[in-house]
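Each chain, letter by letter, is given below.
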Amino acid sequence: ARTFLLLLSSVVAVLGGLMFGYEMGIISGAMFQLKRDLHLSCGEEEVLVSALLLGALLASLMGGLLIDFHGRRTSMLFSNMMLFGGSFIIVFSATFIWFVIGRIIIGFAISLSSMSCCIYISEIVGPLQRGLLVSLYEFGITAGILVSYAINYTFSSVAGGWKYMFGIATVPTF
């Protein structure tokens, strides 16, 4: 049972970090196609990039209350649903405003997930494993950024590739 909890915590840590890093990095490769396909101005590009951070800021202000009221597991599930929903909105959006809304939702989701994962890890494992699991979370963030760059490269020459770039983020939500 103890080994299972450590394995479960490791998976939670890596996936939580991976999604955080992926969502932070994916916009860099998608922006060229988005600018062309959505006819974005420089200011609109800045809004698209910063919308994720706005959502994360909102979650950092409200996330603790949500986690205290609903619990860490429910909050992690909720953040997965939000991540799926935000990605769905982005993939099927045809307008700038819907894209911004999707990015805000995703920002909220990854920030809430980040808080929930760290609390979950600290509660489920002993003090001797916490450092390792926090390191795995940080590894996940870095790996997520690296994966997003690889996905960006893969779909950069595909028409509408940005939809694939953002759509791939839904896979770990299941």
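Residues numbered from 1 in each chain as written. Predicted model: local features only at pLDDT ≥ 70, side-chain atom pairs only at ≥ 80, totals over all residues. Heavy atoms only, no water.

**Things to note about the overall build of the chain**
Item 1. Per the secondary structure count, the chain includes six helices and zero strands.
Item 2. In sequence order, the secondary structure elements of the chain are arranged as α-α-α-α-α-α.
Item 3. In terms of overall dimensions, the chain is globule-like: its C-alpha atoms have a radius of gyration of 16 Å, near the 16 Å expected for 174 residues.
Item 4. Each principal axis of the C-alpha atoms in the chain carries an extent, and together these give about 50 × 30 × 25 Å.
Item 5. Considering only contacts in the chain between residues 6 or more positions apart, those separated by 24 or more positions represent 81%. (Helix = DSSP H or I, 4+ residues; strand = E, 2+ residues; numbered from the N terminus. Rg over C-alpha atoms; globule rule 2.2 N^0.38 Å. Contact = heavy atoms within 4.5 Å.)

**Describing the environment of I89**
Item 1. In this structure, I89 sits in helix α3 (residues 72-91).
Item 2. Here the alpha-carbon distance between I89 and A59, two residues 30 residues apart in the chain, equals 19 Å.
Item 3. Not counting the four nearest positions on each side in its chain, I89 is found in contact with W98, G102 and I105.

**Things to note about the pattern of salt bridges**
Item 1. Summed over all chains, the structure comprises three salt bridges.
Item 2. With a shortest N-O distance of 3.4 Å, E45 and K35 are connected by a salt bridge. Of this pair, E45 sits in helix α2 (residues 42-70) while K35 sits in helix α1 (residues 2-38), placing them 10 residues apart in sequence.
Item 3. For R72, the salt bridge identified is with E123, shortest N-O distance 2.7 Å. (Salt bridge = Lys/Arg side-chain N within 4 Å of Asp/Glu carboxyl O.)

**Observations regarding the packing of aromatic side chains**
Item 1. According to the stated counting rule, one finds five aromatic pairs in the structure shown.
Item 2. Seen in terms of ring centroids, F155 and Y164 are 5.2 Å apart; in terms of plane orientation they differ by 20 degrees. Their pairing is stacked.
Item 3. Note on Y164: relative accessible area 45%, which makes it partly exposed.
Item 4. In textbook terms, an aromatic cluster arises when at least three aromatic residues are bridged by ring pairs, as seen for F84, F88 and F92. (Phe/Tyr/Trp six-rings, centres within 6.5 Å; stacked < 30°, edge-to-face > 60°. Buried < 20%, exposed > 50% of the residue type's maximum accessible area, 1.4 Å probe, protein only.)

**A few points about the packing of α2 against helix α4 (residues 96-124)**
Item 1. In contact at an axis separation of 6 Å, α2 and α4 are set at 40 degrees when each is read in the N-to-C sense. One element, α2, and the other, α4, form an angle in the oblique class. For the pair α2 and α4, the crossing hand works out as right-handed.
Item 2. Considered class by class, the residues forming the contact of α2 with α4 number 22 nonpolar, seven polar and two charged. (Axes fitted to C-alpha atoms, helices over the stretch in contact; angles between N-to-C directions. Parallel < 35°, antiparallel > 145°, perpendicular 65-115°, else oblique. Left-handed = near helix turned anticlockwise from the far one by under 90°. Nonpolar A, V, L, I, M, F, W, Y, C, P; charged D, E, K, R; others polar.)

**A closer look at a nonpolar patch on the surface**
Item 1. On the surface, a nonpolar cluster with roughly 460 Å² of combined accessible area is contributed by L54, L57, L58, L61 and M62.
Item 2. Under the relative-accessibility criterion, M62 is labelled partly exposed at 42%. (Patch = residues over 30% accessible without salt bridge, like charges linked within 9 Å, V, L, I, M, F, W, Y side chains within 5 Å. Areas by Shrake-Rupley, 256 points an atom, 1.4 Å probe, with all protein chains shown as cover.)

**Brief notes about the side chain of E23**
Item 1. By the element assignment, E23 lies in helix α1.
Item 2. The buried charged residue E23 lacks any salt bridge partner; its closest oppositely charged side chain belongs to R103, at an N-O distance of 4.4 Å.
Item 3. Those residues in contact with E23 that sit more than four places away from it in its chain are L52, L83, S87, R103, I106, I110 and A169. (Lys, Arg positive; Asp, Glu negative; His and termini not counted.)

**A look at the nonpolar core**
Item 1. Of all hydrophobic cores here, the largest spans 31 residues; its most connected members are L34, L48, F99, W162 and F166.
Item 2. Among the elements that take part in this core, α1 stands out by supplying eight residues, more than any other.
Item 3. If we ignore the near neighbours within four places in the chain, the residues touching W162 are A30, Q33, L34, D37, I90, S93 and F99.
Item 4. In this structure, V12, A13, Y120 and L133 belong to the second largest nonpolar core, which totals 10 residues. (Core = buried A, V, L, I, M, F, W, Y, C linked by side-chain atoms within 4.5 Å.)

Worth remembering: the numbers are spatial, not functional.
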